[in-house]
Structure formats: C-alpha cells, structure tokens
There are 4 protein chains.
Amino acid sequence: MSTTSDTPIELRSDNAAGVAPEILAAIATANEGSALAYGGDALTAQLRELVRDVFMQPDANVFPVVSGTAANSLALSALLPPWGSVLCHETAHIFTNEGGATSLFSGGAVMRGLPGTDYKLQPASVQHAFDTTLWDDAHHSQPSVVSITCPTDFGTVYTPAEVRALAILAHSRDLRMHLDGARLANALVAANAAPEELITDAGVDAFSLGATKNGALSTDAIVCFDAAAAEQLTYRLKRSGHVASKMRYQSAQLVAYLTDDLWLRLATQANQAMGALSLGLDDLEVELLSPPTANMLFARVGEPASAALAEAGLLFYGMGNGVIRFVTSFQTTHDDVVEVLRRVERVLRNTRSGQAVR
Amino acid sequence: MSTTSDTPIELRSDNAAGVAPEILAAIATANEGSALAYGGDALTAQLRELVRDVFMQPDANVFPVVSGTAANSLALSALLPPWGSVLCHETAHIFTNEGGATSLFSGGAVMRGLPGTDYKLQPASVQHAFDTTLWDDAHHSQPSVVSITCPTDFGTVYTPAEVRALAILAHSRDLRMHLDGARLANALVAANAAPEELITDAGVDAFSLGATKNGALSTDAIVCFDAAAAEQLTYRLKRSGHVASKMRYQSAQLVAYLTDDLWLRLATQANQAMGALSLGLDDLEVELLSPPTANMLFARVGEPASAALAEAGLLFYGMGNGVIRFVTSFQTTHDDVVEVLRRVERVLRNTRSGQAVR
Amino acid sequence: MSTTSDTPIELRSDNAAGVAPEILAAIATANEGSALAYGGDALTAQLRELVRDVFMQPDANVFPVVSGTAANSLALSALLPPWGSVLCHETAHIFTNEGGATSLFSGGAVMRGLPGTDYKLQPASVQHAFDTTLWDDAHHSQPSVVSITCPTDFGTVYTPAEVRALAILAHSRDLRMHLDGARLANALVAANAAPEELITDAGVDAFSLGATKNGALSTDAIVCFDAAAAEQLTYRLKRSGHVASKMRYQSAQLVAYLTDDLWLRLATQANQAMGALSLGLDDLEVELLSPPTANMLFARVGEPASAALAEAGLLFYGMGNGVIRFVTSFQTTHDDVVEVLRRVERVLRNTRSGQAVR
Amino acid sequence: MSTTSDTPIELRSDNAAGVAPEILAAIATANEGSALAYGGDALTAQLRELVRDVFMQPDANVFPVVSGTAANSLALSALLPPWGSVLCHETAHIFTNEGGATSLFSGGAVMRGLPGTDYKLQPASVQHAFDTTLWDDAHHSQPSVVSITCPTDFGTVYTPAEVRALAILAHSRDLRMHLDGARLANALVAANAAPEELITDAGVDAFSLGATKNGALSTDAIVCFDAAAAEQLTYRLKRSGHVASKMRYQSAQLVAYLTDDLWLRLATQANQAMGALSLGLDDLEVELLSPPTANMLFARVGEPASAALAEAGLLFYGMGNGVIRFVTSFQTTHDDVVEVLRRVERVLRNTRSGQAVR
C-alpha cells in the first residue's frame, strides 16, 4: 500500500532532469570578461573545432539552438525546397510532436510518415515511397530528405549499418540524410558506436545534436556537413530568432558536453539505470513492450497498477491502455532504481492479489 | 600615443557583457530536483505572477524566449494578419536588423519604416500613414500594429505620454500597440517611470521584455496583455522551436531579474556609467549626436580618432563617417569610465595636435 | 487488331474537353463595353445573387478562381490557423495532388490522410482522429477542418446524409466542413440531389464549385458561407494573384453555367455516357473496380489489353497493374461510347484469345 | 454644363477594356477537339517557340498566369531566397499594390522602395542601396533582385540603355534583373524598341509579359530566361494554384497576341489615342504632370473640375488633390478622344469662368 511519505522519483522525461554540475561549472567559467555577440566569441570557435574532431568531419558547421524542435525543423528547412517532402517513420518526433515546425520553416514542405518495425524506418519503406512517387511532377511533393530519429521516441536504436543503408538509398535519388539526435549520446552508448561510425561514415548530411535531455541547460545544436545548407542556416537561424546574442554561454555548455566524453558518461549513467530497471521489472514479470536499449522503456501494467504506481510517488507518463513509459536520465541513481523496483513490487503484489490499492 | 599594454574596455554592446551574479546564482538555485518541462514548472508559474504584479496587469501572460528577435517577431505575428503591416520608425530594429523575421512568422506581413525626429515615431507620422492608406482594399497591406522601440537603437527614450499618444492613435483605428523593450529597464530608469506607467497605463498591448542585454543569459520574454494573441503564441512559439523544454532555467533568470528591482539596479549602473562618460566627453569637447539618456551614445570624432581609439584598446562600433557608438552595461565600472576618458583625452590630444597617432 | 486509322477518343480527363458553346457565347456576350476591374462589374454581382439562389444561402460569397487547386487551398487557408490540420481521405486531391498548396497558403498547416471505404471519409475515421488528438496541446497540429471530395477522385459520391453526418461531427468540435466540388455537378446528378441538399443543408461551410471540368474555360470558384472566412479571402486571393482584373469574363462563364441548369445538363451528359459505357463494359465482362456513379470508372484489364486499347486510339490513363481509368465529359457522345465499346470488344477478343495484339 | 445624356467614356484603366476580337477568335478556334491538360497541349508548345522567337532567346520558358500580380510575385519568388530583398522604385506596383504577394510566395522576402526621378529607378539609387547594405550579414535582408516596371505606373518608359545600365549594376553583385511588363507592348511602342532590345539584350533575367490590359482575357505570362528559376516555377506555380488545367485557352490568346505584331498594333492604338488626347489637353492649357509617352496621363485640374468631368460622363480615377488619371486602351477610338476633349473644354470653360458647374 502506498503511503504519502513516498518521495517522488522522476521517470517522466530526461528533460525534467537538471543540469549536470560540469555544465553549470562551464557556464560559470565562461562568465569572465566580455565577448563578441552572435557567435563571434572564442568558445563558439572552440566548439566548431571540437565538433569537427569528435565527428571526424573537417568541414562540419555547428549552430547552437534552444530546442530540439528548432534543431530539427531549421536543419530540414535548409535541406529541402518548399515543395519537398521528408520521408520519416510515422512515429517520428518531427512528424507527430513539433506542431508543423518544418512546414512553417520550409514554406510548406510535407512530412510523409512511413511504417517500419521497431519504430525504425527501413529501406523497404523508403523504396516503396520512391516507387509510388511521381518524380518531377509538380502536382506532387518531391521526396527530398530521409530523416530518422536515433534513438527513436520509443527507445530503439539504429545500428551504423542501418543508418548507412538508408543513407545510400537516400543519396541514390539525391535526397539528403538527416538524423534527429535529441538523445544521440544515449544512442551511441547503446549501439557501442563511435560518433563518426553512426553519423559521419554512415552518410548523415546534417543532424540534431541533443544535449538538453542529457545534462545541458536548454542547448541543443544543428551539425551540418553540407556547405550550402550551412550557409542557408546562417540566415534561417537569424530570421527565426534562433541566434542567441550571448552565444558563448551555449557554446560553453556544448564544449563541456563534448569534452572528455562527458556526454557519453552522462548517457551511460542513464542507460545503465534503465538497464538495471528493466532487468528488475523483468524479474517482477512486468510485460515490456520491447527490451530497452537506451534510456526509455514502455511497459503494460494495466490501468489499476498504473494509477497505483502514480500514487506511490513514481512520476511517469501513461500512454493509454495501461501502458506506461519510464525514462531515466543522468541523474537517475542506483538507489532510485532500487526504490522504484521496491514500489513496483509492492503495487503489483496488491493489484495482482486484487487487494484494494489503498 | 597608445601602447599595447592598454587593457581592452568593452563598449561595443551590452550584449557583450556577462551574466549578473544574482542571475547565475538563481540558475544554480533552480538546479534542484526535477521539474515538468515546457513551462509546467513552479518557477514559470512564479514568473507569471511576478510579471502581473510588476506591470500591474492581472491578465498578463509571459513567454520566455532566447532572443529579442524571437520576442519581437513572434509577438508581432500574433498581433496582425498576413496581409497586415507594422508601422514603425525607419530605424527600428524590427525593420532593419532582424532579417525579415516578422515577415517569416506572419506569413508575409510588411514593415513600413516611417520618419520621426530623435529616432522616435511621432503621431504625425502614424497619422500620415493612416491618411495615405487605402483601408479595406486588398491591393494594399493593412496597417495592423504600431511598434516602437524604447529605448530606440540610438539611445533615445519615449516618455509615458508619448507612448500613450501613439497607443491612442493606434487603437483609434483598431491597430495594436507593440513595444520592443530589448533595453526596457534602461528606458524605465532613464524616464524615471514605473513599469505600469510606460507600458500598461500607456496602452501597450504586447511588448518584448529584454533581459539579455542587462545581465541575463540569453533570456528575453514576450509579455502579452491580449488573451487572443496569447493563445496564438502558445502555438506560434512551439512550432517555431521557441519553447525550451527546461524552461525553468529561463524563468529562474527572469524571476531573479524582476525581483527586488534587480533589473532596475543593473540598468541604473549602466545608465549612470553612460551619464558620467558623456559628461566627461562633453568636457573634452567631443561632439555628441544627441545627449544620451539611457546607456548608449553616438559621437562624431572623425576617422583618424576613431582608429586611434580602437588602437587604444577601446572596444566599440564605428558607424561610418567618423561616428562611433559607445554602449555601457551593468558591468561598466566607474574605473572603466575614468580610464575610457583618459584614453579619449590622450587620443584627441594627439589627433587634434596633428601629431602622428603612433 | 488495331489500325492506325482509328480516330482518337478522349477518355483521359474531363479537363481535356473543350468549352461548352453556351459558355463561349456568354464570354462573347460579356465582351460589350467596358467594366470596372477586380470584380466591381455587373456580371460578378449577378453571379453572387445567382449562387445565393442556387444554394439557397442568402449570405453566400463567391470568388472565381483559375483552378481547383486555388479554390481548395485558398478556401482551406481561410478556415484554419497555421497550426491547424485538415482531416481528409488519404486519396483526397488536396492531400495527394496539389503539391502542398494548402500548406503554402496556410503558413504550414498539415493534411492528415485518413482511411475510408469507397474512397470516402466516414465518421468513424474522423472520430478516431479526434480520439487520438491531444487537443489544445501546442506540440500537435490541431484538427480544424474536415474536407471531403465529392465526387471522389475515384468516382464515388457522398449522399447528403453522409455529408451531414460528417458535418455534424466536425461542428461538434468546432471544426469547419469543406467540400472539394471540382466535379460537383456530376455529384449532384449522380446523387439526384438538389444543391442545397448536398451542400447547404448538409452543413458545408465552404466549397469549391468546379466548372472547368464540365465545360467552362479555366474558371472554378470558391463559395463561402462564413463571413469571417470570406473577409479573409478578399485579402488571401489578392495577395496570391488570384483576383483576375477582368473578372467579368470569369463571372460571365459561371453565370451561364448556373443558369437554366446548364451545369446539370452538361453533367448529365457526362454521367449518362459513363453509365452506358460501364453497362457495355459489364456486358463484355470487363472487371470494374467499383460501379461508376458519376463520370469516371476504373477497370482492371491487364497490361497487354491496356497497351492494345491505347494503340486502338483510346486516350486514357493507366493506373499501373493493368488498371485503366476512363473519364467521360459533357462532350462524350453516344457514338463515342458505341465506338469505345466496339474497340474494347475487339481488343479483348484478341488479347483473351492470346492472339498477338498487332 | 453636363447633361445626363452624356455617354460614359472609359478612361479608368486599360483593364476595364474588353477582349480584342482577334483574341476572342483565337479562343474559339482553340475550342476544337480535346487536349492534354496542364500545358501538355500543342498551343502551349507553340507559344513557347513563339516567345523564343519574339524575344530572340532560345532558352526562354513561358508560363501563362491569370494576373499580373501572379506573374510578378511568382517570378520574384523564384529569383531570390526568403532572406533576400527586391530593390524597386518606391512607386512600383510590386511594392505598393500587390498586398504583399512577393513576401507570401518567397517566404518573407522584403521589398525596398527606392527614390528615383520620373518614377524610374536609377543606378544611383541602386548603388546607394548597395553601399548601405551589410552584405553577407544575416541580420539584414540581402539584395537579390532589381525589379523595374516598364512602363511605370505613372506612364514613364525606360529606354533600353537605362534597363541595361541597371542590369549591369545588378549583375555586378549577382542580383537578378526583373521587369514588370504589365503594359510591355505600350512600352515597346513608346520606346520604339524591339522586344529583344528592351528585354533580352538589356540583360533582363525574367519578366512579366502583360496581355490582359492590352486585349487579352485575364492572361498574362511569366517569361524566364534562367533555367534554374524556370524549374522552380514549375513547382511554385502548381502549388499556388496557378497552373490552369485548360491551359490551351490561355496559350491560344498569347499566341494570337504575339502573332503578326497584334500586341504592338493594339498598343499603338492605345498610345496614339493618348498622344492625341494629351496634345488636345495641352491646347486647352490643362496642366499635365509629365508628358505621356505610353497610354497614361496625370493632369492637375482641381477638385471642382474633377467633379465636373466625372459628372460629364468621363470615367477616370481621381488621385487626390485635384489630380486625375486618364488611361487609354486599344479600344479608345479617335471619336472618343474628340468627345473627351469636347467635354473637357466645356467643363473647363464653366469652372474657369467661375460659373456653377451645375
């Protein structure tokens, strides 16, 4: 039975977490002297070099922005014409959760949500979209970008080979390859892949480098390997209000984030907490919708148990039909996991026994 | 003669300044526990109440954003239809410096730059625009908003009575009244006016509440007194990527900024530094384009002196034709002012005597 | 075996047909004297009254435009906000064939293609879309319009009761009801319904009144029962270049079209030709994908027969997989139908017998 | 004194005129048989060849559209990026009379209205705009197109040398040269210039070929010499609803218009009528604002005479302050001119003698 003394434990989203101490320290350190605004500062220059090193792409450009939606939609708007379409999975964040941002910034481009197992886009879906397109016919939006989310919003992760297969297919018809990496560090850790393996060598042309969900303070970035798109972005970001005058404080965060593998260490913490959590839930015979590889899981517990878990102080999202979502972050501790499992066990014992939850 | 040992002194822009310690502390304090994303946190709720108190408008809504361009252009897009026009001064930031942001977000609305003495819009200009408009004629963009910048980008400040006169005129033809307050605190201090005097009682419908140039870390805000526009903003901000998931860190800054008059204290420091600087320059018989009232001045020194001042370690912008701009910030100290004047005197002595600068 | 002496017979599309003599005569008659441009002429005023009579809606407004795409996309843009979505059938012309026009004109609104039998939208699909919408959540485009095509692009026709059921559902959540009537006359004849039955009384708020495919010279129209949307349209049409200066020649066509039931007589001719054609094909045991009710049919004949029919001088579109589309128009004569059937019989005899087609 | 028996004489606008008999005949002739829609017909192919011949540019592409606003704004949208600006005269139709169409279609590009004598843009104005532009700075819209109107909306005409000078200047900074030729034929006749002289050889990259004001039935065209822009136009026109399905009827008009110099003959009639009219007014000592060279004049007659002329059955536009505009068309006859002058003389006699007008 739950008691009101249960301390809340955060499992709603990794964007409910705080800022990593290293990143807060970097902001404080950056707060020395004055610096040219709009990216003319030394930290932003340092960030550019760092991104080029980390992703092993000497021509990479990087643009800090305040949200993942900004990162995705502005990058896409620079990769396609107004009459273009973006081929993505039907559960992609850009398709379902960004309020039409890409259509706004592109001047009316269209998202085409395609099916795919494990919430991932497969070459067969893209090929089918190609086959049913009337190419070069102005009555129809023209496929211009393939965009994938990695990890997906359901916690699954593409392998480098899977990304590469999609990029090859995209490039074969002159489409660009885009990756929404709102949780990119979690994907790299989960896939045990180096940044250049999953991104650069796999053929990605531009991607969102998420940091906010993994310890930064509202700072993500667009990384763009394409010079023409990068030139467009200079204008597109300014005229959409996405160039912070004090950019050095964004760049400071991202420099700290990418230095000494901080981003990977933070993601490892989140992924390991999720690993322990899912093992524990499995032991408790909780039905998981898919084995989590990154920092997110979906479990079917039924509505009564869902309500009881909420009452037991677990903070999480119900997805309807008794399915719940747990997300761990770099702040989720071993003790948190132990306590979550303790409460789940108690709740399940009660609900399974038919006993009143309260 | 300048020496290379001159320490640089920052006068380029107040957005080259750092973050005020109180605001950095507020960020650190906010970094406790987890919080619902996208504005569902307690600090954002607190900010809303605080704004309502400070501006004495119980229905005010506030939306933190990452830049002044975002604040202006998104607010305007919610105040006018795509076929509307914004009447503003021909030197307005929204007209000359935002890369067409308002046209983008509004779906093609038009800015009309009007003349006006002291870089300020006067009722006569607005009335003339009204008189030459073919109202309700679809061939012509329809005036929909009057927008003023206060202080202007040239450092002049509207009085409450001047704002009110424009607002009455705007409202007489069902236009909305907007104010770009990128440096609002500097204006309030300069005008010795309470927030509700210059804004609420004067008839402003929505305004940009600048904080970045006055000690915040890339956080400004839209404040909107109009319920219909505020509802639009909810959607317009999200789909333009301007809703930070970790909004609490923006709200924490703005709460600290507006608490205990911090914003006014910071602006007082900047304005007083400018007051001392302009008095000193006046003593040195430097030609000021207009007597500065806020934290910005323009002086005509000639190109040779301009070059020599730069060489003397003063960081500032040349405006062409030997005119230079100095901007002070909350970080400009008394010692800075003394040192700036010392270097100006030295440079002028040299250039006026015809002596080689080096 | 086909011979090269076979005269081509037009079955590709009703927009390949010519202009009805009555409409050409109306243009010539309108060509007397001069007239105020941009709709300030007497014929446009007469058209407005006529539309109000025909559709029994005294507040109706009508806007002639040059294409069905213009009619649909501009009407929709006046019925929804930029963050709205249009619920339509997944085969709707606005979804698949207009190159993103509605997204362009609305500032980024989204189309949601829904399933539905007989190519028609059913209340269950709309209800499901409602049920899975996160209402009032800015992360998600908000359903704002239900749009149906009648007849559909596959020749099926909604009954007045079906339209009404959708409109009631749409209005229950404050969505607007839109109808793409590119072939509206064919639908009215097929449904044996009066204009006010299928449109006005059924709850349609705005619709495209097609005329081009049924005898006019590139003139369709938006009819709008909503005063606020109509006021928007005045501006939206002008700024999209869709207000013809010599509007009287468009209005003259539409006045002739709607006078003395010309539109219904022309559509009756097209529908009857299709009726005779489909009966004849049925006799020839051709597999029809659905029994045609308006002026369009789809038949599965196989690729060899499809090629042979083309060679036999029939002009039509192949839809892939051996499916062909035949469209009749007001110009399709009884003799045409007889001749088409004669050639189909000949081709089928050859292909079925396995005999070489040539 | 005027009497109510005065027959109205049309001088409001050339778009109040009718359709030339040759063009009506061409429409009737085109109404034979069926033809592929959306420009796949023989007449559209013929038009393309004809335009290439007339303008002596073998790569020219031509796109019929329904209005001058469509022709201008869509062409411009294909010549500049969303962050571009169009340099034009401050009285240009695209700047003052198209309701923001270019901003809509370009995704927020900006018009910059520049001063210039005789309502024409001069190189000095363009050079000044260049000199005051912060090039490659994303805070500022980037000049991308120089656009001129010829004849201007005030009836003045550029010489080929003037166009060439502007084009050379535009091209020197990689801007494109656009010409709004809503009354192009009138300009050619007035300038006594061959089409290739004023357009092709002068360096125009794309232009609006007006026909509606000179005898066509709501059909103008974009002519584009730039292959990349032309490819864009294919999509931009379709998704803005500006591709008429029965394009052959537009093409038929334009073919007739350009054949056997019909366009020049019609314009000659309009210009000659204006010549006779202005000579007669000069004899009557009417103050002309500038000597008319094409088919438009502005005269200062004072408000009482303006009112009396309207009462005398002359149809024209008052421009305010007692200035009136007369426009002649291909339908203005010698008898019309004689009668107009007769009435003007009568009115002036009365108003000058101080006699009551009625």
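Given the structure is predicted, the values throughout are model-derived calculations rather than measurements.

**Let's talk about the overall build of chain A**
For step 1, the next point in the chain: Of regular secondary structure, chain A possesses 14 helices and 13 strands.
For step 2, the next point in the chain: If you line up chain A on its principal axes, its C-alpha atoms span 65 × 60 × 30 Å.
For step 3, the next point in the chain: Taking all 358 residues of chain A together, 64% fall into the buried category.
For step 4, the next point in the chain: A separation threshold of at least 6 residues defines the contact pool for chain A, and within that pool the share at least 24 residues apart is 76%.

**Thoughts on the pattern of salt bridges**
All names here are of chain A.
For step 1, the next point in the chain: Scanning the model with the defined rule gives 41 salt bridges over all chains in all.
For step 2, the next point in the chain: Here arginine 176 and aspartate 205 are joined by a salt bridge, their closest N and O atoms 3.5 Å apart. You can see arginine 176 sitting in strand 6 (residues 176–181) and its partner aspartate 205 sitting in the loop between helix 9 (195–200) and strand 7 (206–209), a full 29 residues away along the chain.
For step 3, the next point in the chain: Here arginine 176 falls in the partly exposed class, since its relative accessible area comes to 23%.
For step 4, the next point in the chain: What makes aspartate 205 buried here is its relative accessible area of 12%.

**Description of the sheet that holds strand 10 (residues 296–300) of chain D**
Residues and elements named next belong to chain D.
For step 1, the next point in the chain: Strand order across the open sheet formed by 4 strands is 9-10-13-12, with antiparallel pairing between neighbours. With one partner strand each, in any of the chains shown, strand 9 (287–288) and strand 12 (317–320) form the two edges of the open sheet.
For step 2, the next point in the chain: Inspection of the sheet shows strand 12 paired to strand 13 (residues 323–327) by 3 bridges, in the antiparallel sense. Along strand 13, the bridge assignment pairs glycine 318 with isoleucine 324.

**With respect to the relation of the copies chain C and chain D**
For step 1, the next point in the chain: Superposition of chain C onto chain D requires a rotation of 180° combined with a translation of 0.0 Å along the rotation axis, giving an RMSD of 0.0 Å. With respect to symmetry, the two chain copies, as superposed, fit the operation of a two-fold axis.
For step 2, the next point in the chain: When the interface residues of chain C are mapped onto chain D, 100% of them again fall at the interface, so both copies present the same face.

**Notes on the environment of D:Leu80**
All names here are of chain D.
For step 1, the next point in the chain: Looking at the secondary structure, you find leucine 80 in the loop between helix 3 (68–79) and strand 3 (84–89).
For step 2, the next point in the chain: Leucine 80 sits 62 residues away from glutamine 142 along the chain, and the two C-alpha atoms are 9.2 Å apart.
For step 3, the next point in the chain: Not counting residues within four places of it along the chain, the set of residues in contact with leucine 80 comprises Ser85, Val86, Ser106, Ala109, Ser144 and Val145.

**Some remarks on the domain arrangement of chain A**
Residues and elements named next belong to chain A.
For step 1, the next point in the chain: Splitting chain A by domain gives domain 1 (9–18 + 263–353) and domain 2 (21–262).
For step 2, the next point in the chain: Facing 19 residues of domain 1, the contacting portion of domain 2 comprises 27 residues.
For step 3, the next point in the chain: Taking both sides of the interface into account, the surface hidden between domain 1 and domain 2 amounts to around 2100 Å²; carbon and sulfur atoms contribute 58%.
For step 4, the next point in the chain: Of all residues in domain 1, Trp263, Arg265 and Met296 bury the most surface against domain 2, accounting for 36% of the area lost on that side.
For step 5, the next point in the chain: The interface formed by domain 1 and domain 2 contains 1 salt bridge.
For step 6, the next point in the chain: The residue arginine 183 makes a salt bridge to aspartate 14 at a minimum N-O spacing of 2.7 Å.
For step 7, the next point in the chain: Elements with a contribution of two residues or more to the side of domain 1 that touches domain 2: helix 12 (262–283) and strand 10 (296–300).

**What about a nonpolar patch on the surface?**
For step 1, the next point in the chain: Together, A:Leu36, B:Tyr317 and B:Met319 line one region of the surface with nonpolar side chains, adding up to about 250 Å² of accessible area.
For step 2, the next point in the chain: Residue placement: B:Tyr317 occurs in strand 12 (residues 317–320).

**Remarks on the pairing of strand 10 of chain D**
All names here are of chain D.
For step 1, the next point in the chain: Within strand 10, 4 of the 5 residues are buried, leaving the element largely enclosed by the surrounding structure.
For step 2, the next point in the chain: Of the strand pairs in this sheet, strand 9 and strand 10 are connected by 2 bridges, and their pairing is antiparallel. Its bridge partner being in strand 10, glutamate 287 is matched across the sheet by arginine 300.
For step 3, the next point in the chain: Here strand 10 pairs with strand 13 via 5 bridges, running antiparallel. Residue pairing in the sheet places arginine 300 in a bridge with valine 323 of strand 13.

**Topic: the relation of the copies chain B and chain A**
For step 1, the next point in the chain: With an axial shift of 0.0 Å and an RMSD of 0.0 Å, the rotation relating chain B to chain A amounts to 180°.
For step 2, the next point in the chain: A share of 100% of the interface residues of chain B reappears at the interface of chain A, consistent with the copies meeting face to face through the same patch.

**Description of the interface of chain C and chain D**
For step 1, the next point in the chain: Taken together, the contact pairs 47 residues of chain C with 47 residues of chain D.
For step 2, the next point in the chain: Among the residues chain C hides against chain D, the three largest losses belong to C:Leu104, C:Arg239 and C:Lys246. Together they make up 19% of the total.
For step 3, the next point in the chain: Taken together, the connections running from chain C to chain D amount to 0 salt bridges.
For step 4, the next point in the chain: Counting across the interface, chain C meets chain D through 29 residue pairs in polar contact (both at pLDDT 80 or more).
For step 5, the next point in the chain: At the level of elements, helix 1 (21–30), helix 3 (68–79), helix 5 (101–106), helix 10 (227–239) and helix 11 (247–258) of chain C are the ones that each hand at least two residues to the side of chain C that touches chain D.
For step 6, the next point in the chain: Grouping the amino acids of the side of chain C that touches chain D by side-chain chemistry returns 21 nonpolar, 18 polar and 8 charged.

**So, the packing of helix 11 (residues 247–258) of chain B against helix 12 (residues 262–283) of chain B**
Residues and elements named next belong to chain B.
For step 1, the next point in the chain: Remark: helix 11 packs on helix 12, axes separated minimally by 5 Å, with the N-to-C direction vectors making an angle of 70°. Comparing the axis directions of helix 11 and helix 12 gives the class roughly perpendicular. Between helix 11 and helix 12, the contacting residues are Ala256, Tyr257 and Leu258 on the first element and Leu262, Trp263 and Leu266 on the second.
For step 2, the next point in the chain: Of the residues that constitute the contact of helix 11 with helix 12, the class distribution is 6 nonpolar, no polar and no charged.

**Quick look at the interface of chain B and chain A**
For step 1, the next point in the chain: On the chain A side, the residues contacting the 47 residues of chain B number 47 residues.
For step 2, the next point in the chain: Roughly 3700 Å² is buried in total at the junction of chain B and chain A, and carbon and sulfur atoms are behind 53% of that figure.
For step 3, the next point in the chain: The largest share of the area that chain B buries against chain A comes from B:Leu104, B:Arg239 and B:Lys246, three residues that together contribute 19% of it.
For step 4, the next point in the chain: Between the two partners, chain B and chain A, sit 0 salt bridges.
For step 5, the next point in the chain: Joining chain B to chain A, the criterion identifies 29 residue pairs in polar contact (both at pLDDT 80 or more).
For step 6, the next point in the chain: Split by residue class, the side of chain B that touches chain A holds 21 nonpolar, 18 polar and 8 charged.

**As for the confidence of the model for chain A**
For step 1, the next point in the chain: Per-residue confidence for chain A averages 95 on the pLDDT scale, and 97% of its residues sit at or above 70.
For step 2, the next point in the chain: For this predicted complex, the interface confidence score (ipTM) comes to 0.95, while the overall pTM stands at 0.95.

**Notes on the packing of aromatic side chains**
Residue and element names in this part refer to chain A.
For step 1, the next point in the chain: The final tally for this structure, using the stated rule, is 38 aromatic pairs over all chains.
For step 2, the next point in the chain: Three or more aromatic residues joined by ring pairs form one cluster here, namely Phe55, Phe207, Phe225, Tyr257 and Trp263.
For step 3, the next point in the chain: The residue whose ring lies beneath lysine 120 is tyrosine 158, and the NZ or CZ to ring-centre distance is 5.5 Å.

**A closer look at the environment of A:Thr212**
For step 1, the next point in the chain: Topologically, A:Thr212 is positioned in the loop between strand 7 and strand 8 (220–224).
For step 2, the next point in the chain: When the C-alpha atoms of A:Thr212 and A:Ser34 are compared, they prove to be 25 Å apart, with 178 residues separating the residues in sequence.
For step 3, the next point in the chain: Once residues within four sequence positions are removed from consideration, A:Thr212 is found in contact with A:Ser218, A:Thr219, A:Asp220, B:Ser245 and B:Lys246.
For step 4, the next point in the chain: Side-chain polar atoms of A:Thr212 contact the backbone nitrogen of A:Thr219, separated by 3.0 Å.

**Notes on the state of the cysteines**
For step 1, the next point in the chain: Counted under the stated rule, the structure contains 0 disulfides over all chains.
For step 2, the next point in the chain: With no disulfide of its own, B:Cys150 lies 15 Å from the sulfur of B:Cys88, the closest cysteine sulfur.
For step 3, the next point in the chain: Judged by relative accessible area, B:Cys150 falls into the buried class, the value being 0%.
For step 4, the next point in the chain: Among the cysteines around C:Cys224, which has no disulfide bond, C:Cys150 carries the closest sulfur, lying 19 Å off.

**Observations regarding the nonpolar core**
For step 1, the next point in the chain: Membership of the largest hydrophobic core comes to 130 residues, with the highest contact counts inside it found for A:Trp263 and B:Trp263.
For step 2, the next point in the chain: Not counting residues within four places of it along the chain, the set of residues in contact with A:Trp263 comprises A:Val54, A:Phe55, A:Leu184, A:Ala185, A:Leu188, A:Pro195, A:Leu209, A:Asn214, A:Tyr257 and A:Leu258.
For step 3, the next point in the chain: Judged by nonpolar contacts, the second largest core, of 129 residues, contains C:Leu198, D:Leu184, D:Leu217 and D:Trp263.

**Regarding unusual backbone geometry**
For step 1, the next point in the chain: Of note, the bond from A:Cys150 into A:Pro151 is cis; its omega dihedral lies within 30 degrees of zero at 0°.
For step 2, the next point in the chain: With respect to the helices and strands, the residue A:Pro151 is situated in the loop between strand 5 (142–149) and helix 7 (160–172).
For step 3, the next point in the chain: Unusually for a residue other than glycine, A:Asp136 sits at a positive phi of about 60°.
For step 4, the next point in the chain: Residue placement: A:Asp136 occurs in the loop between helix 6 (123–131) and strand 5.
For step 5, the next point in the chain: Residue C:Asp260 is not a glycine yet carries a positive backbone phi of 55°.
For step 6, the next point in the chain: Judged by relative accessible area, which is 63%, C:Asp260 ranks as exposed.

The rules behind these values
- Residues numbered from 1 in each chain as written.
- Chains lettered and ligands numbered in written order.
- Predicted model: local features only at pLDDT ≥ 70, side-chain atom pairs only at ≥ 80, totals over all residues.
- Heavy atoms only, no water.
- Helix = DSSP H or I, 4+ residues; strand = E, 2+ residues; numbered from the N terminus.
- Buried < 20%, exposed > 50% of the residue type's maximum accessible area, 1.4 Å probe, protein only.
- Contact = heavy atoms within 4.5 Å.
- Salt bridge = Lys/Arg side-chain N within 4 Å of Asp/Glu carboxyl O.
- Pairing = 2+ DSSP bridges.
- Least-squares fit on C-alpha atoms with pLDDT ≥ 70 in both.
- Domains from an automatic or database assignment.
- Buried area = accessible area lost by both parts, 1.4 Å probe.
- Patch = residues over 30% accessible without salt bridge, like charges linked within 9 Å, V, L, I, M, F, W, Y side chains within 5 Å.
- Areas by Shrake-Rupley, 256 points an atom, 1.4 Å probe, with all protein chains shown as cover.
- Polar contact = N/O pair within 3.5 Å; in protein donor to acceptor, adjacent residues only side chain to side chain.
- Nonpolar A, V, L, I, M, F, W, Y, C, P; charged D, E, K, R; others polar.
- Axes fitted to C-alpha atoms, helices over the stretch in contact; angles between N-to-C directions.
- Parallel < 35°, antiparallel > 145°, perpendicular 65-115°, else oblique.
- pLDDT = per-residue confidence, 0-100.
- Phe/Tyr/Trp six-rings, centres within 6.5 Å; stacked < 30°, edge-to-face > 60°.
- Lys NZ or Arg CZ within 6 Å of the ring centre and 35° of its normal.
- Disulfide = S-S within 2.5 Å.
- Core = buried A, V, L, I, M, F, W, Y, C linked by side-chain atoms within 4.5 Å.

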